[in-house]
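Structural overview
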Amino acid sequence: MSPSSSPEKPAAVGLPMFVLMLNLFIALLGQGMVIPILPDYLKQFGAAGTAAGYLVAAFGAAQFLFSPIGGQLSDRFGRKKLIIAGLFLTVISDYLFAVGHTLTLLYAARFIGGMGLGLMVPSVMAYVADSTTPDTRARGMGYLGASMNLGMVLGPGLGGIIAEFGIRVPYYCAAGLGLLATIMSLLLRETLTPERRAAALSAGRTGRAPIARQVADSFRTPYFRYLLLVLVMTLGLVNYETVYALFVEQKYGFDAGRISVVITLGAVIGIVCQVWLLDRMVRRFGETKLIRLSLIVTAAALLLMLVKINLIYLLAVSALFFAFNAFLRPTVGTLIANAAGDRQGYAAGLNTTYTSLGSMIGPLLAGWLFDFRLNSPYILGAVILLAALFLTGERATAPARKRKRNHD
């Protein structure tokens, strides 16, 4: 079996992993650029928190609709084709956001961007699952999470700097980088073997069932509890992300430059945690304890954000939030991948579907609550994250902990 198709290859940062990380980095870079300039950008349209919520929700709605399709099509046609198609849609999205002069066109651009990630992310996750063992999968998922965080980290910084040349210039740059990543993805080798693809087709596993049917079918998967956990924690986390720039601007009076600094320095901590600490933390504590600890700390960080002291305090709280948020997503993703067996694309699609469902509902709540009362989104987010602790039951995660102990 060739190295490109072996499902037992360890998670190493070779050319395929580098290209995948670059793809996610660039795709998320465009989103990150929105954050610091969003208040000024929305002022052109006489809009504020509610419009910000709609923009993020449009993205999440598209992901919700297209993630199951992306996951199933990657099981049918291969990972590479879906990755390239999804990336090209993000290029179109960034370009439309750059030239858009109405809120309607901006919503359309965000929807197309959500389509792109809906097709690409499940395929990228399935690609990594194909190329790793259960013992190295957390590391591989951590690399993907780190690249996504890096895009969200550098996006605000670059957005704030490049916006000096024009508030729309950052989106032209993001579109150009996305096109470069699309071309680089042609170097990827397909990891879905013909035998596994034929088995999936013969089993009828890649039929394009309606979204409601797929969500209903997910109730019977062995990893449904983890999918529900993804939904609940996304609802809580997205409250932070959606209105952060607007919150900091109104509470602290920061401009786009200072907002960029806060987000960049805080999120660098998250990248460090995912690249150097995630695998060690999983081996030390196990997935369950790490998820519980991360939920508690991120909820506490949201509440601490409500206390206004100074810039150093805000940086410290943001760093705390990013650090433990960095542990959450890839750890839950690893639990889902480990329970998915041969249906990695299908499971990755459901993972992204539940994430996008939370990303669709959460921003609407955050935007409405922000316009109603400044602190409300963060209070709701903390409550939701703490409520997610009830989904980390012993029975659901005991096999994963046992596997870790035996490996050690």
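Rules of the game
- Along each chain, the written sequence defines residue order, and numbers are assigned to residues from 1.
- Side-chain atom pairs in this predicted model are given and counted only at pLDDT of 80 or more, local residue features only at pLDDT of at least 70, and totals for whole chains, interfaces and linings cover all residues.
- Processing note: side-chain calculations cover all non-hydrogen atoms of the structure and skip hydrogens and water entirely.
- UniProt positions are given in the numbering used here, feature names are shortened, and annotations may be inferred rather than shown by experiment.
- The helix count covers DSSP runs of H or I at least four residues long, the strand count covers runs of E at least two residues long, and both are numbered beginning at the N terminus.
- Burial classes: relative accessible area under 20% of the type maximum marks a residue as buried, over 50% as exposed, and values in between as partly exposed (1.4 Å probe, protein chains only).
- Note on definitions: a residue-residue contact is assigned when non-hydrogen atoms from the two residues lie within 4.5 Å.
- For the accessible areas, the method is Shrake-Rupley and the probe is 1.4 Å, while residue cover comes only from the protein chains on display.
- Angles here are taken between N-to-C directions and fall from 0 to 180 degrees, while the axes themselves are lines fitted to C-alpha atoms, restricted in helices to the stretch in contact.
- Orientation categories follow fixed angle ranges, with anything under 35 degrees roughly parallel, anything over 145 roughly antiparallel, 65 to 115 roughly perpendicular, and all other angles oblique.
- Each crossing gets its hand from how the near helix is turned against the far one by less than a right angle, where anticlockwise is left-handed and clockwise is right-handed.
- Each patch is assembled from residues with relative accessible area greater than 30% and no salt bridge, linking like charges that lie within 9 Å and nonpolar side chains (Val, Leu, Ile, Met, Phe, Trp, Tyr) that lie within 5 Å.
- The salt bridge criterion pairs a side-chain nitrogen of Lys or Arg with a carboxyl oxygen of Asp or Glu, the two atoms within 4 Å.
- Classification used: nonpolar for Ala, Val, Leu, Ile, Met, Phe, Trp, Tyr, Cys and Pro, charged for Asp, Glu, Lys and Arg, polar for all others including Gly.
- Here, expected helix span is obtained from the residue count minus one, scaled by 1.5 Å.
- Polar contacts, as counted here, are pairs of nitrogen or oxygen atoms within 3.5 Å of one another; within protein the pair requires one atom able to donate a hydrogen and one able to accept it, and residues that are adjacent in sequence qualify only if both atoms are side-chain atoms.
- Aromatic pairs are defined between Phe, Tyr and Trp rings, using the six-membered ring for Trp, whenever the two ring centres lie within 6.5 Å; interplanar angles under 30 degrees are classed as stacked, those over 60 as edge-to-face, and all others as tilted.
- Any Lys NZ or Arg CZ that is within 6 Å of a ring centre and within 35 degrees of that ring's normal is treated as a charge sitting over the ring.
- As a per-residue measure, pLDDT tells how confident the predictor is, with possible values from 0 to 100.

Identification of the protein as MFS transporter from Saccharibacillus alkalitolerans is taken from an unreviewed UniProt entry. The UniProt entry for the protein carries the following text under Sequence similarities (unreviewed entry): "Belongs to the major facilitator superfamily. TCR/Tet family."

This paragraph deals with the overall build of the protein. Each helix and strand in the protein was counted, giving 15 helices and zero strands. For the protein, with 408 residues in total, the buried portion stands at 61%. By sequence separation, contacts in the protein at least 24 residues apart represent 88% of the contacts at least 6 residues apart. For the protein, the exposed surface amounts to about 15800 Å²; the carbon and sulfur share of it is 68%.

Here the focus is the packing of helix H11 (residues 287-304) against helix H12 (residues 311-340). Between H11 and H12, whose axes approach to 8 Å, the crossing angle comes to 150°. In terms of orientation, H11 lies roughly antiparallel with respect to H12. Considering the relative orientation of H11 and H12, their crossing is left-handed.

It is worth spelling out a nonpolar patch on the surface at this point. A cluster of nonpolar side chains, contributed by Phe 88, Ile 92, Leu 179, Ile 183 and Leu 186, occupies part of the molecular surface with about 450 Å² of accessible area. For the nonpolar patch, the secondary structure elements donating two or more residues are helix H3 (79-99) and helix H6 (169-184). The residue Phe 88 is located in helix H3 in this model.

Here the focus is the packing of H3 against H6. At a minimum axis distance of 8 Å, the contact between H3 and H6 shows a crossing angle of 165°. Classified by the angle between their axes, H3 and H6 sit roughly antiparallel to one another. In this structure, H3 meets H6 at a crossing whose hand is left-handed. Seen from H3, the contacting residues are Ile 84, Leu 87, Phe 88, Val 91, Asp 94, Tyr 95, Phe 97, Ala 98 and Val 99; seen from H6, they are Tyr 171, Tyr 172, Ala 174, Ala 175, Gly 178, Leu 179, Ala 181 and Thr 182. Partitioning the contact of H3 with H6 into residue classes produces 14 nonpolar, two polar and one charged.

Here we take up helix H14 (residues 376-387). Between the first and last C-alpha of H14 there are 17 Å, a value that for twelve residues agrees with the 16 Å anticipated at 1.5 Å per step. Residues of H14 that are buried: Ser 376, Pro 377, Tyr 378, Gly 381, Ala 382, Ile 384 and Leu 385.

Turning next to the side chain of Asn 23. Along the polypeptide, Asn 23 turns up in helix H1 (residues 15-43). For Asn 23, a relative accessible area of 0% translates into the label buried. A polar side-chain atom of Asn 23 sits 3.0 Å from a polar atom in the side chain of Ser 185. Asn 23 has contacts with Ile 83, Leu 87, Met 120, Ala 181, Ser 185 and Leu 188, leaving out every residue within four places of it along the chain.

Moving on, we get to the environment of Ala 52. Its location among the elements puts Ala 52 in helix H2 (residues 49-77). Assessed through its relative accessible area of 1%, Ala 52 is described here as buried. Taking the C-alpha atoms as reference points, Ala 52 and Leu 42, separated by ten residues in sequence, lie 7.9 Å from one another.

Another aspect to go through is H12. The terminal C-alpha atoms of H12 lie 44 Å apart, and with 30 residues this matches the ideal 44 Å at 1.5 Å per residue to within 8%. Across the 30 residues that make up H12, a large majority, 23, are buried. The N-capping residue of H12, defined by a side-chain oxygen 3.2 Å from the backbone nitrogen of Ile 312, is Asn 310.

Taken as a whole, this structure holds seven aromatic pairs when the rule is applied. Their ring planes at 70° and their centres at 6.2 Å tell us that Tyr 95 and Tyr 172 sit as a pair that is edge-to-face. Within this pair, whereas Tyr 95 is found in helix H3, its partner Tyr 172 is found in helix H6, the two being separated by 77 residues in sequence. Pairing Phe 247 with Tyr 378 gives two aromatic rings, centres 4.6 Å apart and planes at 65°, and the pair type is edge-to-face. Note that Phe 247 is positioned in helix H9 (residues 224-252) and Tyr 378 in helix H14, a separation of 131 residues in sequence. In this structure, Phe 247 and Tyr 378 share a single accessibility class: buried. For Arg 284, the ring lying beneath its charged end belongs to Phe 285, and the centroid distance is 5.1 Å.

A separate point is the environment of Val 268. One can find Val 268 in helix H10 (residues 256-285). On a C-alpha basis, the gap between Val 268 and Leu 154 in space is 9.0 Å, while along the polypeptide they are 114 residues apart.

To continue, consider the confidence of the model for the protein. Caution is warranted with low-pLDDT regions, since their predicted coordinates should not be read in detail. Of the residues in the protein, 81% have a pLDDT of 70 or more, and the chain-wide mean is 76. Note that residues 1-13 has pLDDT below 50 and, in this model, 34 contacts with residues that lie over four places away or in other chains. A low-confidence stretch, residues 395-408 stays under pLDDT 50, and its non-local contacts, those more than four residues away or across chains, total 20 contacts.

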